[in-house]
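# Architecture at a glance
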Amino acid sequence: MLSSSSRSHRALVSFVGSRRFFVCSASSSSLSSSSFRRPLTTLNNKNKNNDSDENKIAQLREDFRHCAATLRQNDYETYLCTNAIDASRRAGPLALRALNCETAGIGTHSGGEENKDIALVKLRWWMDHLESMFTPVTTRRKKSRVPEHPIARCINAVATHAKEVMGSDPSFNETRYVTWIKRAIEARMEDVEKGSNAFDATKDLELFARETHGNFLLVTLDCENIRSMASDHVASHLGTAIGLTNSLRGAKINARNRKTYFPMDLLAEENLSAETVYEGKVGDERVKNVTHKIASAAVGHLAAARRNFTENKLGEKYPHMAKLLLQATTTERWLEKLEKYDFDVFREELQRTPPLLTQGRVFVQAWKNQF
């Protein structure tokens, strides 16, 4: 792990934990200095003459604003779910979800051979630099291992803080972070490499969902000191549900790029070709049937995640865990909307997110400490 000033990282968590910061982070860039005065007052009093620490804090401030902007612009529902997490625990999920959003976006825009090669280079860049960031100090180069990328710096800052806080805990193992994140990126690379070829079976699509969204949830729980077999099962099931749902949510855009996440076994059952899916026609009963089967699988995994959470009394063991899983709420909301439109996945109405309704549902669940 990259050595850094512990004061900077403590200030980082205090700063990102400020609700005022997160609400303002992705809005207009013309923010008054008073917006950030309160979270940094204590630090400024202690380090008035330490320009190095001040520069690091200023840089991290901009980096986390970038993470928030990335989420808000590309995954507004996840942005809301992150905003509902307790202020003191928000930094880790924000950085990790921004990275997931960043790598997912690279795969989404990989249509065509030229774009495919560019996407693979970008994902490989993330793989190499994440591995470098976690290389033991004795074997690393003298040059800084943290790349000049705002999300990478945030990931490093959060991991460094977690090591400072939980380093004495025998169950803490920082190498798991990079292992899980690398597996998620590897899955996205394999998806890019196969181009427009669909998954052979539904179980392959479920595995892809679990390896991507599930692994990022595992890292999120781990860095918040939630480690147990039961919590891993919850993260795995919920990640699979989120991934399956996102494969349906992006069906219209993917069809325009001549790509589909409908597995070949389901297409064969309905005598449906990929070319027909690419047309993106509204009202096709065969498309509705395939969509219904994938949505049913997502609902099953969502129910399994909640069942494991309840049966193992994880809410009592980890009172802060439910708010880290609030993406279940927005996932369920979209699946209900899909059912309302008779699983017609290409309907234009499914591409819209009602902001106020979504905000209300997320924050009610957060207030109840449920997901």
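Basis of the calculations
- Residues numbered from 1 in each chain as written.
- Predicted model: local features only at pLDDT ≥ 70, side-chain atom pairs only at ≥ 80, totals over all residues.
- Heavy atoms only, no water.
- Helix = DSSP H or I, 4+ residues; strand = E, 2+ residues; numbered from the N terminus.
- Buried < 20%, exposed > 50% of the residue type's maximum accessible area, 1.4 Å probe, protein only.
- Contact = heavy atoms within 4.5 Å.
- Areas by Shrake-Rupley, 256 points an atom, 1.4 Å probe, with all protein chains shown as cover.
- Axes fitted to C-alpha atoms, helices over the stretch in contact; angles between N-to-C directions.
- Left-handed = near helix turned anticlockwise from the far one by under 90°.
- Nonpolar A, V, L, I, M, F, W, Y, C, P; charged D, E, K, R; others polar.
- Phe/Tyr/Trp six-rings, centres within 6.5 Å; stacked < 30°, edge-to-face > 60°.
- Salt bridge = Lys/Arg side-chain N within 4 Å of Asp/Glu carboxyl O.
- Parallel < 35°, antiparallel > 145°, perpendicular 65-115°, else oblique.
- Polar contact = N/O pair within 3.5 Å; in protein donor to acceptor, adjacent residues only side chain to side chain.
- Core = buried A, V, L, I, M, F, W, Y, C linked by side-chain atoms within 4.5 Å.
- pLDDT = per-residue confidence, 0-100.
- Expected span 1.5 Å × (residues − 1).

## Remarks on the overall build of the chain
- Along the backbone of the chain there are 19 helices and 0 strands.
- Buried residues in the chain amount to 55% of all 371 residues.
- Across the chain, the fraction of contacts at a sequence separation of at least 24, relative to all contacts at a separation of at least 6, is 77%.
- For the chain, the exposed area adds up to about 17,100 Å²; of that, 49% sits on carbon and sulfur atoms.

## Details of the packing of helix H5 (residues 76-83) against helix H19 (residues 355-368)
- Where H5 contacts H19, the axes come no closer than 10 Å and their chain directions differ by 35°. In this structure, H5 crosses over H19, and the sense of that crossing is right-handed. Facing Tyr 76, Glu 77, Leu 80, Cys 81 and Asn 83 of H5, the residues of H19 in contact are Pro 355, Thr 358, Gln 359, Val 362 and Phe 363.
- By residue class, the composition of the contact of H5 with H19 is 6 nonpolar, 3 polar and 1 charged.

## A closer look at the packing of aromatic side chains
- Per the stated rule, a full pass over the model turns up 6 aromatic pairs.
- Seen from their ring centres, Tyr 76 and Tyr 79 are 6.0 Å apart, and the 25° between their planes marks the pair as stacked. Of this pair, Tyr 76 and Tyr 79 are both found in helix H5, 3 residues apart, which corresponds to roughly one turn of the helix.
- For Tyr 76, a relative accessible area of 24% translates into the label partly exposed.
- Aromatic pair Phe 309 and Phe 371: ring centres 4.9 Å apart, planes at 85°, arrangement edge-to-face. Of this pair, Phe 309 sits in helix H15 (residues 285-311) while Phe 371 sits in the segment after H19; the two residues are 62 residues apart in sequence, bridging distant segments of the chain.
- Residue Phe 309 is classed as buried on the basis of its relative accessible area of 12%.
- Grouping aromatic residues by their ring pairs yields a cluster made of Phe 199, Phe 208 and Tyr 261.

## Some words on the pattern of salt bridges
- Counted according to the given criterion, the structure contains 24 salt bridges.
- Here Glu 62 ties to Arg 65 by a salt bridge, and the two come within 3.4 Å at their closest N and O atoms. With Glu 62 and Arg 65 both in helix H4 (residues 51-74) and 3 residues apart, the pair spans about one turn of that helix.
- One salt-bridge network, in which partners are shared between bridges, spans Arg 306, Glu 332, Glu 336 and Arg 361.

## Comments concerning the packing of helix H6 (residues 91-108) against helix H9 (residues 175-193)
- One way to put it is that H6 packs onto H9 with a least axis distance of 9 Å and a crossing angle of 15°. Considering the angle they form, H6 stands roughly parallel to H9. As H6 runs across H9, the sense of the crossing is right-handed. Contacts between H6 and H9 pair Leu 96, Leu 99, Asn 100, Thr 103, Ala 104 and Gly 107 from the former with Ile 181, Ile 185, Arg 188 and Val 192 from the latter.
- In terms of residue class, the contact of H6 with H9 is built from 6 nonpolar, 3 polar and 1 charged.

## Let's talk about the side chain of Thr 103
- Following the sequence through the fold, Thr 103 ends up in helix H6.
- Engagement of the side chain of Thr 103 in a polar contact is seen with the backbone oxygen of Asn 100, the distance being 3.1 Å.
- Within the local environment of Thr 103, its side chain forms a polar contact with the side chain of Arg 188, the two groups lying 3.5 Å apart.
- Dropping the residues within four chain positions of it, Thr 103 is found in contact with Leu 123, Trp 126, Ile 185, Arg 188 and Phe 216.

## Focus: the environment of His 129
- Positionally, His 129 belongs in helix H7 (residues 113-133).
- The class of His 129 is partly exposed, set by a relative accessible area of 24%.
- In sequence terms His 129 and Ala 152 are 23 residues apart; their C-alpha atoms lie 8.4 Å from each other.

## Some remarks on unusual backbone geometry
- A positive phi angle, close to 65°, is found at Asn 225, a residue other than glycine.
- The exposure class assigned to Asn 225 is partly exposed, which follows from its relative accessible area of 34%.
- We note that Asn 369 has phi near 60°; this positive angle belongs to a residue other than glycine.
- In this fold, Asn 369 is placed in the segment after H19.

## Observations concerning the nonpolar core
- If you look at the biggest cluster of nonpolar residues, it comprises 61 residues, and the most contacted ones within it are Leu 130, Met 321 and Leu 325.
- Residues Leu 266, Val 277, Val 287 and Phe 343 belong to the second largest nonpolar core, which totals 28 residues.

## Quick notes on the confidence of the model for the chain
- Model confidence for the chain is summarised by a mean pLDDT of 82, while 78% of its residues fall at 70 or above.
- Every residue in residues 17-49 scores below 50 in pLDDT, and together they form 55 contacts with partners more than four places removed in sequence or on other chains.

## Description of helix H18 (residues 327-340)
- Given a rise of 1.5 Å per residue, 14 residues ought to cover 20 Å, and the 20 Å separating the end C-alpha atoms of H18 matches this to within 8%.
- Taken across its 14 residues, H18 has 10 buried, putting it largely inside the fold.
- Residues Gln 327, Ala 328, Thr 329, Thr 330, Thr 331, Arg 333, Trp 334, Leu 335, Lys 337 and Leu 338 constitute the buried set of H18.
- For H18, the elements touching its buried residues are H5, H6, helix H10 (202-223), helix H11 (229-249), H15 and H19.
- At the C-terminal side of H18, Asp 342 shows a positive phi close to 60°.

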